[in-house]
Amino acid sequence: MRTVVLDIGETLTRDDRYWGAWADWLDVPRHTLSALVGAVVVDGRDNADALRLLRPGIDITAEYAAREAAGRGERLDETDLYEDVRPALSALRADGVRVVVAGNQSRRAGELLRALDLPADLVVTSGDWKVSKPAPAFFERVLTVSGSPAAETFYVGDHPANDIHPARAAGLRTAHIRRGPWGHWWADDPEVRAAADWSINSLTDLPAIVNP
């Protein structure tokens with residue numbers, strides 16, 4: 001493997017702050033929204049459906065803009081990273097592997113991630129590219145920035161429908177991480193196991209896979 005590409009939410013970053021901020025903005029208990037996120041995970045639905053269950057007909061884009069205007073928009077700092085992120089990414093780069101971060105996040109999230117100065121060669125989001133997973137065009141962009149053939153590019157993520165299945169369809173190698181609601185719920189699903197080249201519990205498993 002010459003290039004490792006990593007998803008963002010619940011692969012590199014915890015989503016606690018993200019969902020907590022939405023719950024506060026919509027004035028509902030955080031536990032309520034957390035439970036609804038769990039429900040849509042089990043159903044295999046889009047995570048934004050948790051917000052739609054709370055507020056049928058919600059215009060999520062408009063509400064996001066309103067949050068930003070009110071000074072209650074997205075925030076990310078070092079505490080949002082999982083503890084294995086910096087050690088794992090640093091080890092990969094030390095082994096000569098190109099490290100790319102690419103996930104379904106806003107342009108603002110991309111700015112915040114780049115400000116953290118992660119040990120990565122490139123940090124981009126769907127907001128930057130204006131195309132989101134699981135669209136094939138997203139993974140075409142992944143391969144463009146990878147700098148390596150699909151068979152030598154490795155995509156790591158927690159979400160089967162957004163990460164593992166479309167990455168595999170694009171010809172990439174894949175690793176499903178048991179992390180976050182999607183990662184834990186779908187970790188032992190036979191179809192996910194069959195689609196993923198590897199199933200991992202930590203990003204620190206990656207260096208040994210990439211350079212056995």
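This write-up is about the structure you can find in this document. Predicted, not measured: the structure shown is a model, and the values here were computed from it.

Rules used throughout
Residues numbered from 1 in each chain as written. Predicted model: local features only at pLDDT ≥ 70, side-chain atom pairs only at ≥ 80, totals over all residues. Heavy atoms only, no water. Axes fitted to C-alpha atoms, helices over the stretch in contact; angles between N-to-C directions. Helix = DSSP H or I, 4+ residues; strand = E, 2+ residues; numbered from the N terminus. Parallel < 35°, antiparallel > 145°, perpendicular 65-115°, else oblique. Left-handed = near helix turned anticlockwise from the far one by under 90°. Contact = heavy atoms within 4.5 Å. Buried < 20%, exposed > 50% of the residue type's maximum accessible area, 1.4 Å probe, protein only. Phe/Tyr/Trp six-rings, centres within 6.5 Å; stacked < 30°, edge-to-face > 60°. Lys NZ or Arg CZ within 6 Å of the ring centre and 35° of its normal. Core = buried A, V, L, I, M, F, W, Y, C linked by side-chain atoms within 4.5 Å. Nonpolar A, V, L, I, M, F, W, Y, C, P; charged D, E, K, R; others polar.

## A word on the packing of helix α1 (residues 16-26) against helix α2 (residues 30-43)
Piece 1. One can describe the packing of α1 onto α2 by two numbers: an axis separation of 8 Å at closest approach and a directional angle of 125 degrees. Comparing their axes, α2 and α1 come out oblique. Once α1 is placed against α2, the crossing between them reads as right-handed. Residues Trp19, Gly20, Trp22, Ala23 and Asp24 of α1 touch α2, and the partners they reach there are Arg30, Leu33 and Val37.

## Points about unusual backbone geometry
Piece 1. Omega for the bond connecting Lys133 with Pro134 falls within 30 degrees of zero, at 10 degrees, which places this linkage in the cis form.
Piece 2. Relative to the elements of secondary structure, Pro134 occurs in the loop between α7 (126-129) and α8 (136-146).
Piece 3. Look at Asp27: it is not a glycine, yet its phi comes out positive at around 60 degrees.
Piece 4. Within the element layout of this structure, Asp27 appears in the loop between α1 and α2.
Piece 5. The class for Asp27 is exposed, based on a relative accessible area of 69%.

## Side note on the packing of aromatic side chains
Piece 1. Overall, the coordinates contain five aromatic pairs when judged by the stated rule.
Piece 2. Arranged with centres 5.2 Å apart and planes meeting at 65 degrees, the rings of Trp129 and Phe138 form a pair that is edge-to-face. An identical accessibility class is assigned to Trp129 and Phe138; each is buried.
Piece 3. Judged by centre distance (5.3 Å) and plane angle (70 degrees), the rings of Phe138 and Phe139 are edge-to-face.
Piece 4. Among the aromatic side chains, those forming a connected cluster through ring pairs are Trp129, Phe138, Phe139 and Tyr155.
Piece 5. Here the basic side chain of Arg67 rests over the ring of Trp22, its NZ or CZ set 4.7 Å away from the ring centre.

## Comments concerning the nonpolar core
Side chains of a nonpolar character, in soluble globular proteins, are inclined to be buried together.
Piece 1. In this structure, Val4, Leu6, Leu12, Leu118, Val156, Leu203 and Leu206 are the most contacted members of the largest nonpolar core, which totals 27 residues.
Piece 2. Counting only elements with at least two residues in this core, the list comes to β1 (3-6), α5 (85-94), β2 (98-103), β4 (153-157), β5 (173-177) and α12 (206-210).
Piece 3. At four residues, α5 tops the list of elements feeding residues into this core.
Piece 4. If we skip the residues at most four places from it in the chain, Leu118 touches Leu12, Leu81, Val85, Arg86 and Leu113.
Piece 5. Core analysis: the second largest hydrophobic core is formed by 14 residues, Trp22, Leu26, Leu33 and Leu51 among them.

## Thoughts on the packing of α1 against helix α4 (residues 60-69)
Piece 1. Where α1 contacts α4, the two axes come as close as 12 Å, and the packing angle between them is 90 degrees. As summarised for this structure, α1 and α4 are arranged roughly perpendicular, according to the angle between their axes. Taking contact as the criterion, the partners of Ala21, Trp22 and Trp25 in α1 are, on α4, Ile60, Glu63, Tyr64, Ala66 and Arg67.
Piece 2. Residue composition of the contact of α1 with α4, grouped by class: six nonpolar, no polar and two charged.

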